[in-house]
Amino acid sequence: METPISPLFIPKPHLQLLLDELRRRKYSVVGPTIDQDAIVYGDIHSVEQLPQGWTDEQAPGHYRLKRREDESWFGYVVGPHSWKKYLFPPKTTLLSAEKTESGWQFIPRSADTTKFALLGVRACELAAMRIQDQVFLDGPYQDPLYRERREQLFIIAVNCTQAASTCFCTSMKTGPRCEKGFDLALTEIDSGFLCEVGSERGREVLDAFISSARRASEGSSNDANSTNENVTSLPILDATPEQLRSAETARQQAVDQITKHMETSDLPGLLLSNLDHPRWKEVGERCLSCTNCTMVCPTCFCSSVTEVRDLNMDRVERERTWDSCFNPDFSYLGGSLVRNDTASRYRQWLTHKLDSWHAQFGTSGCVGCGRCITWCPVGIDITEEVAAIREGTLP
Amino acid sequence: MPRKPRLAVFKFASCDGCQLSLLDAEDELLAICDRVEIAHFAEASSDLQPGPYDVALVEGSITTHEDAERIKRVRADSKFLMTIGACATAGGIQSLRNWGQIDEWVGSVYPSPEFIRTLATSTAIADHVLVDFALHGCPINHHQLVDILVALAEGRQPRVPSHSVCLDCKHRGTVCSVVARGIPCLGPVTQSGCGAICPAYDRGCYGCFGPSQPANTTSLVSQFRSHGHQTEKLVPLLRSFNAAAPEFQRASEQLVILGTSSEGCRS
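Every value quoted in this text rests on a predicted model; they were computed, and no experiment measured them.

(A) Representation of the overall build of chain B in the model. Counting secondary structure elements, chain B contains 12 helices and five strands. Expected size for 267 residues packed as a compact globule is a radius of gyration near 18 Å; at 20 Å, chain B falls within 12% of this value. Out of the 267 residues in chain B, the part that is buried amounts to 46%. When contacts within chain B are restricted to residue pairs at least 6 apart in sequence, long-range pairs at least 24 apart make up 73% of them.

(B) Here's a closer look at the overall build of chain A. Within chain A one finds 12 helices and 16 strands. The C-alpha atoms of chain A give 23 Å as radius of gyration, which agrees with the globular expectation for 395 residues (21 Å, within 12%). In terms of overall dimensions, chain A has C-alpha extents of about 75 × 70 × 35 Å along its principal axes. Counting only residues that meet the buried cut, chain A has 43% of its 395 residues in that class. Within chain A, contacts between residues separated by at least 24 positions form 71% of all contacts whose residues are at least 6 apart in sequence.

(C) Just helix 10 (residues 342-361) of chain A, in detail. Residues and elements named next belong to chain A. The sharpest bend along helix 10 measures roughly 55 degrees and falls at His352. Taken residue by residue, helix 10 has Thr342, Arg345, Tyr346, Arg347, Trp349, Leu350, Lys353, Leu354, Asp355 and Trp357 as its buried positions. Contacts from the buried residues of helix 10 go to helix 8 (278-286), helix 9 (292-296) and helix 12 (382-391).

(D) Region of interest: the environment of Leu17 of chain A. Residue and element names in this part refer to chain A. Structurally, the position occupied by Leu17 is in helix 1 (residues 15-24). Taking C-alpha positions, Leu17 is 9.5 Å from Ser46, a pair spaced 29 residues apart along the chain. In this structure Leu17 touches Phe209, Ser212, Ala213 and Ala216, once residues within four positions along its chain are discounted.

(E) Here's a closer look at the sheet that holds strand 1 (residues 6-11) of chain B. All names here are of chain B. If you walk across this open sheet you meet the five strands as 2-1-3-4-5, and the pairing is parallel. In the strand order of this sheet, the two ends are held by strand 2 (37-41) and strand 5 (133-135), each with one partner. Strand-to-strand twist of the sheet, defined as the mean angle between neighbouring strand axes without regard to direction, takes the value 25 degrees. Sheet analysis places strand 1 next to strand 2, joined by four bridges and oriented parallel. Note on strand 2: the bridge partner recorded for Leu7 is Ile38. Here helix 3 (residues 65-77) sits on the sheet and contacts strand 1, strand 3 (53-59) and strand 4 (78-84); the angle it forms with strand 4, its principal contact strand, is near 130 degrees.

(F) How the structure looks around unusual backbone geometry. Going from Leu267 of chain A to Pro268 of chain A, the amide bond is cis rather than trans, its omega being 0 degrees. A cis amide bond, omega 0 degrees, links Gly51 of chain B with the succeeding residue Pro52 of chain B. Looking at where Pro52 of chain B falls in the secondary structure, it is placed in the loop between strand 2 and strand 3. One non-glycine residue, Lys173 of chain A, lies in the positive phi region at around 55 degrees.

(G) Quick peek at the sheet that holds strand 14 (residues 315-322) of chain A. Residues and elements named next belong to chain A. Strand order in this open sheet of four strands is 7-6-14-13, and the pairing throughout is antiparallel. At either end of the open sheet lies a strand with only one pairing partner, and these are strand 7 (103-108) and strand 13 (303-309). Within the sheet, the average angular offset between the axes of one strand and its neighbour, ignoring direction, is 20 degrees.

(H) Main features of the domain arrangement of chain B. Residues and elements named next belong to chain B. For chain B, the domain assignment lists domain 1 (6-154) and domain 2 (165-266). Domain 1 puts 15 residues into the contact, and the matching count from domain 2 is 13 residues. Counting residues per element, the side of domain 1 that touches domain 2 draws most heavily on helix 4 (residues 86-90), which supplies three residues. Here the residues of the side of domain 1 that touches domain 2 are counted per class, giving six nonpolar, nine polar and no charged.

(I) Representation of the interface of chain B and chain A. Facing 29 residues of chain B, the contacting portion of chain A comprises 34 residues. Secondary structure elements with two or more residues in the side of chain B that touches chain A: helix 2 (26-35), helix 6 (142-154), helix 7 (165-172), helix 8 (177-181) and helix 10 (217-226) of chain B.

(J) Looking closely at helix 3 (residues 123-137) of chain A. Residues and elements named next belong to chain A. Over its 15 residues, helix 3 extends 21 Å from the first C-alpha to the last, a length consistent with the 21 Å expected when each residue adds 1.5 Å. On its buried face, helix 3 sits against helix 2 (84-87), strand 8 (116-121), helix 4 (144-152), strand 9 (154-158), helix 5 (169-172) and helix 10. Count one or two residues on from helix 3 and you reach Gly139, which has phi positive near 90 degrees.

(K) Examining the nonpolar core more closely. In this structure, Val121, Ile156, Ala157 and Phe182 of chain A together with Ala56, Val58 and Ile84 of chain B are the most contacted members of the largest nonpolar core, which totals 172 residues. Looking at which element gives the most residues to this core, the answer is helix 3 of chain A, with eight residues. Each of two domains, domain 1 (6-154) and domain 2 (165-266) of chain B, supplies a minimum of three residues to this core. Ignoring any residue separated from it by four or fewer positions in sequence, one finds Ala157 of chain A in contact with Val121, Leu126, Cys178, Phe182 and Ala185 of chain A.

(L) Main features of the packing of helix 3 of chain A against helix 4 of chain A. All names here are of chain A. Here helix 3 crosses helix 4 at 140 degrees, and the two axes come no closer than 9 Å. The angle between helix 3 and helix 4 places the two elements in the oblique class. Regarding helix 3 and helix 4, the two cross each other, and that crossing is left-handed. Between helix 3 and helix 4, the residues in contact are Asp133, Phe136 and Leu137 and Tyr146, Arg147 and Arg150, respectively. Looking at side-chain class alone, the contact of helix 3 with helix 4 contains three nonpolar, no polar and three charged residues.

(M) View of the environment of Val135 of chain A. Residue and element names in this part refer to chain A. Along the polypeptide, Val135 turns up in helix 3. Separated by 184 residues in sequence, Val135 and Glu319 have C-alpha atoms that sit 19 Å apart. Sequence-distant contacts of Val135, defined by excluding residues within four places in its chain, comprise Phe301 and Phe361.

Rules used in this analysis
Residues numbered from 1 in each chain as written. Chains lettered and ligands numbered in written order. Predicted model: local features only at pLDDT ≥ 70, side-chain atom pairs only at ≥ 80, totals over all residues. Helix = DSSP H or I, 4+ residues; strand = E, 2+ residues; numbered from the N terminus. Rg over C-alpha atoms; globule rule 2.2 N^0.38 Å. Buried ≥ 20, exposed ≤ 12 C-beta atoms within 10 Å, placed from the backbone. Contact = placed C-beta atoms within 7 Å. Bend = angle between axes of the 7 residues up to and from the residue. Pairing = 2+ DSSP bridges. Axes fitted to C-alpha atoms, helices over the stretch in contact; angles between N-to-C directions. Domains from an automatic or database assignment. Nonpolar A, V, L, I, M, F, W, Y, C, P; charged D, E, K, R; others polar. Expected span 1.5 Å × (residues − 1). Core = buried A, V, L, I, M, F, W, Y, C linked by C-beta atoms within 7 Å. Parallel < 35°, antiparallel > 145°, perpendicular 65-115°, else oblique. Left-handed = near helix turned anticlockwise from the far one by under 90°.

Following this line, the structure appears as structure tokens:
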């Protein structure tokens, strides 16, 4: 059957059928769920695991899980995790080698067959994925694990209907509206979701889902005593003009709530032409060099590769782990630390993220998600640091 | 094949826990014995062979005149001297005496204090002799110890990261307890080594691996204070197993001064 071009309306309980359809297609569905007093990304089998009725309160160095007044399923912004953990895992074995009678035998990493379906990807996160695609896939050296997982990825985006005080996607021109890079995109309104299709793969899954929803509703109307709460007799139809207006209002609410701004007109250029600015030293005194900002950043991609072998020297594994320019050891070169103080490490991070990233990859490395602001234990705000450097710049 | 390095283990003021970590390395112990000759290890064997040693592992802090002399002899007998654990590396929990009155403490603990001869301080080994390598932790991580011993036998650099616990929390997917719960966690200023265990069990890091490089305690403590955590709670947090590590000591002393002055303002 043909899926209509205009958005469909999916009644809320039907989302479970969409998850079921993805699982039938051997996807591991991962999405937002509550753990450790936060909304994190984890395995999702049931819509019951979604943070229904919960939201997040964010400020520099501050995050609190809060109860909502309504029962929204996606009524939060972004949390401590980012999707990069699925495509660029924190710890991976790239290669191993075993000692045999005829010498060292190299064992390549076997191809990864994990198919992830990401549920609840925000516009800034779609932008972050495009940036990491450039890092890991463009150019002469592709990352094979990233490629394998990326090619199989199914993305269900969710448009933001609210913003945190730390959000500045509008400055970075990455959101809050999901415009491309998804298979399906949802906008949550009171009774359900408006669903847009972004790819052939998305259309295929949606068609199969509609068929299964139809079968389920026929089944439930034939069996008046059905107790399956996930099955509803509501049909999936084109969104009504009223539903379209509600969705537009909800999305506009996110835009209206964004208060943080980062001026980008002089980026790139501003930071690299202010390498001796006194602000670097000042922020270096506040910064803990703890690596939190780079770990939560959805675009930061640095890693370290070490050869780890067993005590008897019979087996060696090449391990790759997330690393950070804030780890002093990360700048160990030629027998000493190249960046031996926090100010120089902060400067390295910020100049790369906002300035030299443009020369390297053709875009900014920042998508305005605000994670580095929220998850900095001492609340250093990237937008304030850029503004301070601009303010103290001689014309 | 080159000669196996001769290893000695020495104990000063300590609980023996770090030495035990070597004995706890059951899976690796036989392989270690293939790589190094254990010449002096009183916890494991009464066969104590004299020096010189290639590698000395030193556990414990210096708390008596005798030990202050003994560590010099250990140093003279050893090519490579490595401290193991918070006591040897930073003075241990017993360095709390550095802020107290030793005579009063001895008098309140021992029925016959006249038999006790002790120093007024508990100090790190590095305050007395040159230390070639310091392995942090209370207790140490035996995987790190084994890696160092093998590295020494092979003449390569050991892999002991000095970054903060935060990096390990993020590898595990642990949500930051400072940001999400307002818990005063020392993770951002504490060296990696434990694998970030405590934050994964919903409590803050209490710094048993000592200060990371760098350890910006001034900034972190000022943030804790702005979250409303009181001096009375933060000083004991900083004054535990690594109380006398310079970065933690400075931070706790700054707090005491700040606490006193703010009380002065209130009165």
